[in-house]
Number of protein chains: 2
Amino acid sequence: MTITAAASINRQIRLASRPTGLPTSENWRLTEESVPDASELADGELLVRTLALSLDPAMRGWMNEGKSYIPPVGIDEVMRAGGIGRVVASKNPSFAVGDEVSALLGVQEFARIRAEDVRRGALFKIDRQLGTATQWLNVLGMPGMTAYFGLLDVGEPQAGNTLVVSGAAGAVGQTVGQLAKIKGCRVVGIAGGKAKCDWVVSELGFDACIDYKAGQSAMRDGLKQYCPDGVDVYFDNVGGEILDIVMTRLARGARIVICGAISQYNNDSGTAVAGPKNYLSLLVNRARMEGIVVFDYASRYPEAVAELAGYLANGRMKSKEDVIAGGVPAFHDALLKLFSGENFGKLVLDVAG
Amino acid sequence: MTITAAASINRQIRLASRPTGLPTSENWRLTEESVPDASELADGELLVRTLALSLDPAMRGWMNEGKSYIPPVGIDEVMRAGGIGRVVASKNPSFAVGDEVSALLGVQEFARIRAEDVRRGALFKIDRQLGTATQWLNVLGMPGMTAYFGLLDVGEPQAGNTLVVSGAAGAVGQTVGQLAKIKGCRVVGIAGGKAKCDWVVSELGFDACIDYKAGQSAMRDGLKQYCPDGVDVYFDNVGGEILDIVMTRLARGARIVICGAISQYNNDSGTAVAGPKNYLSLLVNRARMEGIVVFDYASRYPEAVAELAGYLANGRMKSKEDVIAGGVPAFHDALLKLFSGENFGKLVLDVAG
């Protein structure tokens, strides 16, 4: 890729106001800045051209005020987003022009990376031998890391276990299910709609997939049919009613991995969450429910990348991305696809593919 | 004790119907049977005179239909209850007349113990050197075992941790808090009413106790004041609103031990439980919530009894019982005291003290 004259403008999406419920276009503002010239960079700084951005459920939480595992995005700040980019100017000896990196680039076409962020390891070079740019946002990126450590370290699956994962066609869910299959589990997905469920089974190789849109009673029947001995590991990306129902089918000693709760993120005020009313099933079944935040495992990402890239290379695992065109201005519409569950696979915004 | 002629009648409390919400006197039937003569016992059987019965929150669950960790009490069956009794007739070489035993005697004055139950270890001799009969229903009995394994195996307290326990003046709570103090924790109780809170601090030696009856806002303030660095271990006996509020104060990596949910047992139908709406705090704080069922630790009770009896002997721990007089006919009224939270210490029904 060459940087053309047209790329002297950096388009950005900034948070204009905090949403109540589902974000609307009013919550965003498209701004333009001129791209810094290479000569403007301070020692240690980098200028990165965004290639692709990751669209994640966690983004909804970042838009809310209040304490969480990272601070909220401030009003008027560029929206936080992970992405893959290419170094177009470097005053840092560790990075050369042309290097491809993974970093929190933000929803913008160019990101100026501060020396301090480089120093504390906030970005890293990706190895295209191991995967494409979008795979580095998926199986080899945050969703893959979340799936890997959430499943293996928190879920502790044993061969022969039955694993259920919600958001099965999503970024984290697809890798959780495929990895659990590799580890010898019987794998049952939960996803929305027949088409998606068929895709989860035929494309991703899950043993079965339950369509939550078919209603509570169908979901109960599906769990009974596909998990006759109960659920040993439940990897939860959605919360709400689905979590409630799965809790009624826990096996003795089950592990519930709390990875997210996408069904609850857009409730009024974004914080009125429905608690799992069957949580006493944890008592009856001596089960546990535990949260995972992927950043805690940063020092072990290389181990996960090596193992997952091996599975991609030998064909035991697929990395499925749903890539949206349109660049930075298409951000809002693309994000909504995530919350309406339209995506088949990891949702990615192409910025300069 | 000698068995007098008057003791030829065995009074029993049977479950007449299943309650909705709080049990009423209509749910019980007082029946009388004649006490079996020693000559009627089959080989291996025992006849046990009940001395004291344990009144437990779990009893409410046993009255409900449906799958749990043990089957429900059947309609017309003698209500299940743990107790301490004295062998008054024995056709089992392992037990002599006069031995004192702990067993599920049921709410009745005499229990005929089947050979099969003796064989599978459903009763055991208590050692009066280690504690009184009521202490064997408390610190040395099920509540103590629950506290010991729930706290140490599931809660995993570290010296310097802050531990919060609800139902602090109750059977399990008192031992959880005292044991956590011995293990080097800062211990904060939650109990109902100023008198009970004062008692928890002055009698049991907790660092502080929060009165949940003072309201949500006082509870939040108390947690902030007494747990400035958050809650490392929360041992939950009550569920509901108190669980919700404690969840807002979890420290990173916190452990929540789900031991019970007495606030929820008497909801309509006994099964409509309020889920913990702040459960995503598990995610933010990489915390876990795990259930404990004491029966899983049966093979390790001797280890716990030895340690706890040592603390009783050297005065580092107290075993506080609230003993109700009146025998078997007083069972219903005594049980209600438990659900209204009137008891200071482990609630025990004296049957033939």
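Keep in mind it's a predicted model, so treat the numbers as computed, not measured.

A.B. asks: How should I be thinking about the overall build of chain A in this particular structure?
C.D. replies: The number of helices and strands found in chain A is 10 helices and 15 strands. Here the C-alpha atoms of chain A give a radius of gyration of 21 Å, agreeing with the 20 Å that 2.2 N^0.38 yields for 353 residues. By its C-alpha atoms, chain A is 65 × 45 × 35 Å across when sized along the principal axes. Evaluated residue by residue, chain A yields a buried proportion of 51% over its 353 residues. Expressed as a percentage of contacts within chain A between residues at least 6 apart in sequence, the contacts between residues at least 24 apart total 68%.

A.B. asks: Explain the packing of helix H3 (residues 142-155) of chain B against helix H9 (residues 301-313) of chain B here, please?
C.D. replies: In helix packing, the relevant descriptors are the interaxial angle and the interaxial distance, both defined with respect to the helix axes. Residue and element names in this part refer to chain B. At a minimum axis distance of 10 Å, the contact between H3 and H9 shows a crossing angle of 100°. Classed by the angle they form, the pair H3 and H9 counts as roughly perpendicular. Counting all contacts with H3, which are made through Gly144, Met145, Tyr148 and Phe149, the residues of H9 involved are Tyr301, Ala304 and Leu308. When its residues are assigned to classes, the contact of H3 with H9 shows 6 nonpolar, 1 polar and no charged.

A.B. asks: Is there a simple way to explain the interface of chain A and chain B in this structure?
C.D. replies: Many analyses report the size of an interface as the accessible area lost when the parts associate. In this assembly, 24 residues from chain A lie in contact with 24 residues from chain B. Elements with a contribution of two residues or more to the side of chain A that touches chain B: helix H8 (281-284) and strand E13 (288-291) of chain A. The class makeup of the residues in the side of chain A that touches chain B is 15 nonpolar, 4 polar and 5 charged. For E13 of chain A and strand E13 (residues 288-291) of chain B, the ladder comprises 3 bridges, and the chain directions are antiparallel. Residue pairing across strands places Glu290 of chain A opposite Arg288 of chain B, the latter belonging to E13 of chain B.

A.B. asks: Is there a simple way to think about the environment of Met79 of chain A in this case?
C.D. replies: Positionally, Met79 of chain A belongs in the loop between helix H1 (58-62) and strand E4 (82-90). Those residues in contact with Met79 of chain A that sit more than four places away from it in its chain are Ile13, Arg14, Leu15, Val73, Gly106 and Val107 of chain A.

A.B. asks: For this particular structure, what's the right way to read the nonpolar core?
C.D. replies: What tends to happen in soluble globular proteins is that the nonpolar side chains get buried as a cluster. Counting 222 residues, the largest nonpolar core has Val48 of chain A together with Val48 of chain B as its most contacted members. If we skip the residues at most four places from it in the chain, Val48 of chain B touches Gly85, Arg86, Val87, Val88, Val101, Ala103, Leu105, Phe110, Ala111 and Ile113 of chain B.

A.B. asks: Would you explain the domain arrangement of chain A in this entry?
C.D. replies: Residues and elements named next belong to chain A. Along its sequence, chain A is carved into domain 1 (5-137 + 321-350) and domain 2 (142-295). The C-alpha centroid of domain 2 is placed 29 Å from the C-alpha centroid of domain 1. At the junction of the two partners, domain 1 supplies 17 residues and domain 2 supplies 19 residues. Its residues placed into classes, the side of domain 1 that touches domain 2 shows 6 nonpolar, 9 polar and 2 charged.

A.B. asks: Teacher, can you tell me more about the relation of the copies chain A and chain B here?
C.D. replies: Relating one copy of the chain to the other requires a rotation about an axis plus a shift along that axis. Mapping chain A onto chain B is achieved by rotating through 180° and translating by 0.0 Å along the same axis, at an RMSD of 0.0 Å. Those values place the two copies in the arrangement expected of a two-fold rotation axis. Within chain A, Gly275 of chain A has its C-alpha nearest the rotation axis, a separation of 2.1 Å. A symmetric contact is evident, with 100% of the interface residues of chain A recurring at the interface of chain B.

A.B. asks: Even after reading the chapter, I still don't get the packing of helix H6 (residues 216-226) of chain B against helix H7 (residues 240-247) of chain B, so can you show me in this structure?
C.D. replies: Residues and elements named next belong to chain B. Interhelical geometry of H6 versus H7 gives an angle of 40° and a closest axis separation of 10 Å. Between H6 and H7, the angle falls in the class oblique. Judged by the twist between their axes, the crossing of H6 over H7 is right-handed. Touching Gln216, Met219, Arg220 and Leu223 of H6 are Glu241, Ile245 and Val246, all from H7.

A.B. asks: Please explain the pairing of strand E5 (residues 100-104) of chain A as it appears in this structure.
C.D. replies: Strand residues, when the strand is regular, have side chains that alternate between the two faces of the sheet. Bridge analysis of E4 of chain A against E5 of chain A gives 5 bridges, and the strand direction is antiparallel. Paired with Gly83 of chain A across the bridge in E5 of chain A is Ala103 of chain A.

A.B. asks: Which parts of the structure should I look at to understand the sheet that holds strand E10 (residues 208-211) of chain A?
C.D. replies: Within a sheet, neighbouring strands are paired by backbone hydrogen bonds and run either parallel or antiparallel to one another. Here we have 12 strands laid out as an open sheet, ordered E10(A)-E9(A)-E8(A)-E11(A)-E12(A)-E13(A)-E13(B)-E12(B)-E11(B)-E8(B)-E9(B)-E10(B), and mixed in their pairing. Here the strands that pair on one side only, and so sit at the sheet edges, are E10 of chain A together with strand E10 (208-211) of chain B. Put simply, the sheet's adjacent strands are angled 15° from each other on average, direction ignored. Contacting strand E8 (162-166), strand E9 (186-191), strand E11 (231-236) and strand E12 (250-258) of chain B, H7 of chain B crosses the sheet at an angle of about 170° to E11 of chain B.

A.B. asks: Just to check I follow, could you spell out helix H9 (residues 301-313) of chain A for this structure?
C.D. replies: Every α-helical turn comprises 3.6 residues, leaving residues that sit three or four positions apart pointing alike. Residue and element names in this part refer to chain A. When the terminal C-alpha atoms of H9 are compared, their 18 Å separation across 13 residues agrees well with the 18 Å that a helix rising 1.5 Å per residue should span. Among the residues of H9, those classed as buried are Ala304, Val305, Leu308 and Ala309. All buried residues of H9 lie within an arc of 125° about the axis, which places them on one face of the element. Summarising the geometry of H9, the exposed residues directed more than 90 degrees from the buried face are Pro302, Glu303, Ala306, Gly310 and Ala313. Where H9 is buried, its residues touch helix H3 (142-155). Positive backbone phi, at 80°, marks Gly315, one or two positions downstream of H9.

A.B. asks: Mind showing me how you'd approach unusual backbone geometry here?
C.D. replies: Leaving glycine aside, a negative phi is the common case for residues, and trans is the common case for peptide bonds. All names here are of chain A. Positive phi is not limited to glycine here, since Arg286 has a value of about 50°. Here Arg286 is to be found in the loop between H8 and E13. For Arg286, a count of 19 C-beta atoms within 10 Å puts it in the partly exposed group.

A.B. asks: Teacher, can you tell me more about the environment of Pro143 of chain B here?
C.D. replies: Along the chain, Pro143 of chain B falls in helix H3. On the neighbour-count criterion, Pro143 of chain B (27 C-beta atoms within 10 Å) is buried.

A.B. asks: Hey, could you run me through the environment of Gln225 of chain B in this one?
C.D. replies: Tracing the backbone shows Gln225 of chain B in helix H6. A sequence separation of 192 residues divides Gln225 of chain B from Glu33 of chain B, and the C-alpha atoms of the two residues are 56 Å apart.

A.B. asks: Looking at this structure, I do not really get H6 of chain B. What am I missing?
C.D. replies: All names here are of chain B. Among the residues making up H6, those that are buried are Gly222, Leu223 and Tyr226. End-on, the buried residues of H6 take up no more than an arc of 95°, which puts them together on one face. For H6, exposure combined with an orientation more than 90 degrees from the buried face picks out Ser217, Lys224 and Gln225. Here the buried face of H6 lies against E9, E10 and H7.

A.B. asks: What exactly am I supposed to notice about the confidence of the model for chain A here?
C.D. replies: Low pLDDT marks regions whose predicted coordinates should not be analysed in detail. All names here are of chain A. With 96% of its residues at a pLDDT of 70 or more, chain A shows a mean pLDDT of 92. Considering only residues more than four positions removed or in separate chains, one finds that residues 1-5, a stretch of pLDDT under 50, has 4 contacts. Quick note on the complex model: pTM equals 0.86, ipTM equals 0.80.

Cut-offs applied
- Throughout, residues of each chain are indexed from 1 in the direction in which the sequence is written.
- By the order in which they are written, chains take letters starting at A while ligands take numbers starting at 1.
- It should be noted that, the model being predicted, local features are given only for residues of pLDDT at least 70 and side-chain atom pairs only at 80 or more, the latter also being counted only at that level, while totals for whole chains, interfaces and linings use all residues.
- Strands here are runs of E lasting at least two residues and helices are runs of H or I lasting at least four, both read from the DSSP assignment and numbered beginning at the N terminus.
- We compute the radius of gyration over the C-alpha atoms and compare it with the globule rule, which gives 2.2 Å times the number of residues raised to the power 0.38.
- Buried residues are those with 20 or more other C-beta atoms within 10 Å of their own C-beta, exposed residues have 12 or fewer, and partly exposed residues lie in between; C-beta atoms are placed from the backbone.
- Our contact criterion uses C-beta atoms placed from the backbone: two residues qualify when those atoms are within 7 Å.
- Only C-alpha atoms enter the line fits that serve as axes; for helices the fit covers just the stretch in contact. Angles between N-to-C directions range over 0 to 180 degrees.
- Throughout this description, any angle smaller than 35 degrees is read as roughly parallel, any larger than 145 degrees as roughly antiparallel, any in the 65 to 115 degree range as roughly perpendicular, and the remainder as oblique.
- In the scheme used here, Gly and all other residues not listed as nonpolar or charged are polar, with Ala, Val, Leu, Ile, Met, Phe, Trp, Tyr, Cys and Pro taken as nonpolar and Asp, Glu, Lys and Arg as charged.
- A pair of strands is considered paired only if DSSP assigns at least 2 bridges between the two.
- Put simply, a nonpolar core is a cluster of buried Ala, Val, Leu, Ile, Met, Phe, Trp, Tyr and Cys residues tied together by C-beta atoms within 7 Å.
- Bear in mind that the domain bounds are from an automatic or database domain assignment.
- Superposing the copies works by least squares over the C-alpha atoms of residues that have pLDDT at least 70 in both of them.
- Take the far helix as your reference; a near helix turned counterclockwise from it by less than a right angle gives a left-handed crossing, and one turned clockwise gives a right-handed crossing.
- Multiplying 1.5 Å by the helix residue count minus one yields the expected span of that helix.
- By construction, the arc corresponds to the directions joining the helix axis to the C-beta atoms.
- For every residue, the predictor states its confidence as a pLDDT score lying anywhere from 0 to 100.

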